[in-house]
Amino acid sequence: MSYMLSKSYAKINLFLYVTGKREDGYHNIFSLFGKLNFYDVIKIERNKKFQIYCNNKMIPTDKRNFIFKVYEILKKEYGLDLNIKVTLFKNIPIEAGLGGGSSNCAVFLRMINEYFNLNMSKDEMINVLKRVSADAPIFLFDKAVVAEGIGDEILYEVDLPKCYVLLVKPQFGVSTKDAYSSKNLKLTTKPHITNIHSLSNLNELSKLMCNSLETAVFKDYKELYFIKNTMENLGALKSLMSGSGSTIFGLFDSKNQLNNAYNFFKKISNKGYFVLKTNIL
Ligand SMILES: C[C@](O)(CO)[C@H](O)COP(=O)(O)OP(=O)(O)OC[C@H]1O[C@@H](n2ccc(N)nc2=O)[C@H](O)[C@@H]1O
Ligand SMILES: Nc1ncnc2c1ncn2[C@@H]1O[C@H](COP(=O)(O)OP(=O)(O)OP(=O)(O)O)[C@@H](O)[C@H]1O
């Protein structure tokens, strides 16, 4: 095989309950991660040395890149010195709560496992990935998942309802670290899910949708609250911040209402909003 290409999907948190603070400084969460039909593309091919190229100049291609961090772990702990060129075609905005960097490093590890026949088990890959980014392990699963711990303990895979999704992200990003360390963050007890199939019903699902980080982040970024409210006024069944922001997503069951909302946010895009119509995979 001369080269390999893979899609690296974005996620949204359909619910995100932050349930406690841990001794290692991280927080325990209980979250439903859905994948969107929106992705970066990663290409790997043989090369003289390890190198990352990216079409987005804002993204570091050195050891700060999550892909590079996985490469370093494979080198130090597995004795693998990968002579490959990695090309990252970036579409997913950064500091968006869409898990772009986490998705990239998980997909990269999956690709390396296959390309070099490493036979790493899923558990072994999860152990590598969670040290790079809390969110990364969920991207080893094709379906939506419910996870707890820091997001690394996958509880079950879920079928989600088919629906339209609108993403609106203002120009500014939100730092995940700042969101979790906000003095306004209130911990929440996790809901009791009696029937996992309820997650595949849009109305049942929207009752569970909640993001513990919203209050704290909205206090500092009032515009996000405006976007969320506007989306619901324009017909979203439910609108929520994804992860630590700054993307707000809305779920729609009507294509007309989706288009209306899309047009509205496009019209005010002198504000520099990133606006995208997509769907849950
Ligand atoms: C908000 C979410 O996107 C929801 O899916 C994730 O919990 C964030 O996961 P992530 O971006 O992969 O986070 P990391 O890059 O591993 O962590 C960045 C920083 O956020 C804080 N952090 C992150 C995840 C977590 N469960 N608790 C935390 O307190 C820590 O201070 C950490 O140093
Ligand atoms: N492959 C990568 N793609 C995007 N960002 C990366 C990558 N590697 C490292 N980074 C760095 O990670 C930081 C945030 O990345 P990312 O966009 O994944 O965060 P996020 O949208 O907040 O994700 P999450 O939902 O996991 O919190 C950025 O500052 C970026 O420079």
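These lines cover the structure that appears in this document, whether it is placed above or below. (Residues numbered from 1 in each chain as written. Chains lettered and ligands numbered in written order. Predicted model: local features only at pLDDT ≥ 70, side-chain atom pairs only at ≥ 80, totals over all residues. Heavy atoms only, no water.)

### Points about the side chain of S31
- Locating S31 in the fold gives a position in strand 2 (residues 27-46).
- Since its relative accessible area comes to 0%, S31 is described here as buried.
- Among the polar contacts made by the side chain of S31, one reaches the main-chain carbonyl oxygen of F15 at a distance of 2.7 Å.
- Look past the residues within four positions of S31 in its chain and what remains in contact with it is N13, F15, L16, V145, V146 and A147. (Helix = DSSP H or I, 4+ residues; strand = E, 2+ residues; numbered from the N terminus. Buried < 20%, exposed > 50% of the residue type's maximum accessible area, 1.4 Å probe, protein only. Polar contact = N/O pair within 3.5 Å; in protein donor to acceptor, adjacent residues only side chain to side chain. Contact = heavy atoms within 4.5 Å.)

### A look at the site of ligand 2
- As a matter of local geometry, ligand 2 sits amid 20 residues, with K90, A96, G97, G101 and D135 nearest to it.
- A distance of 3.2 Å separates a nitrogen atom of ligand 2 from a polar side-chain atom of N65.
- A distance of 2.7 Å separates an oxygen atom of ligand 2 from a polar atom in the backbone of G101.
- Out of a free accessible area of 610 Å², ligand 2 has 85% covered by protein chains.
- Here the shell around ligand 2 takes 4 residues from helix 2 (residues 100-115), the largest share from any one element. (Near = heavy atom within 4 Å. Areas by Shrake-Rupley, 256 points an atom, 1.4 Å probe, with all protein chains shown as cover.)

### With respect to the pattern of salt bridges
- On inspection of all chains with the given rule, the structure shows 13 salt bridges.
- Measuring nitrogen to oxygen at the nearest pair gives 3.1 Å for the salt bridge that ties K143 to D159. Of this pair, K143 sits in the loop between helix 3 (122-129) and strand 5 (144-148) while D159 sits in the loop between strand 6 (153-158) and strand 7 (164-169); the two residues are 16 residues apart in sequence, bridging distant segments of the chain.
- On the accessibility criterion, K143 (37% relative accessible area) is partly exposed.
- A salt bridge links E204 to K207, with the shortest nitrogen-to-oxygen separation between them at 3.2 Å. Taken together, the positions of E204 and K207, both in helix 5 (residues 202-208) and 3 residues apart, correspond to about one turn of that helix.
- Residue classification places K207 among the exposed residues on the basis of a relative accessible area of 64%. (Salt bridge = Lys/Arg side-chain N within 4 Å of Asp/Glu carboxyl O.)

### Considerations on the site of ligand 1
- Taken together, 17 residues lie around ligand 1, and H27, S133, A134, D135 and Y180 are the ones closest in.
- Within the side chain of N13, a nitrogen or oxygen atom sits 2.9 Å from an oxygen atom of ligand 1.
- Take H27: an N or O atom from its side chain is 2.8 Å from an oxygen atom of ligand 1.
- Coverage of ligand 1 by the protein chains reaches 87% of its 640 Å² of free accessible surface.
- Those elements that place two or more of their residues in the shell around ligand 1 are strand 1 (3-21), strand 2 and helix 4 (176-181).
- Its residues assigned to classes, the shell around ligand 1 shows 6 nonpolar, 8 polar and 3 charged. (Nonpolar A, V, L, I, M, F, W, Y, C, P; charged D, E, K, R; others polar.)

### Focus: the side chain of S198
- Tracing the backbone shows S198 in the loop between helix 4 and helix 5.
- At 2.6 Å, the side chain of S198 and the backbone oxygen of N195 are in polar contact.
- Aside from chain neighbours lying at most four places away, what touches S198 is I193, E204 and L205.

### Digging into a positive patch on the surface
- Taken together, the side chains of K183, K186, K219 and K222 define a basic patch exposed on the protein surface.
- Secondary-structure assignment places K186 in the loop between helix 4 and helix 5. (Patch = residues over 30% accessible without salt bridge, like charges linked within 9 Å, V, L, I, M, F, W, Y side chains within 5 Å. Lys, Arg positive; Asp, Glu negative; His and termini not counted. Charge placed at Lys NZ, Arg CZ, Asp CG, Glu CD.)

### Side note on the sheet that holds strand 7
- In space, the 4 strands of this open sheet follow the order 8-9-7-10, with antiparallel pairing throughout. Each edge of the open sheet carries a strand with a single partner, namely strand 8 (238-241) and strand 10 (274-279). Within this sheet the neighbouring strands show an average axis-to-axis angle of 20°, counted without direction.
- Relative to strand 10, strand 7 runs antiparallel, the two being bridged by 6 bridges. Residue pairing in the sheet places Y164 in a bridge with N279 of strand 10. (Pairing = 2+ DSSP bridges. Axes fitted to C-alpha atoms, helices over the stretch in contact; angles between N-to-C directions.)

Remember that the coordinates give geometry; whether it matters functionally is a separate question.
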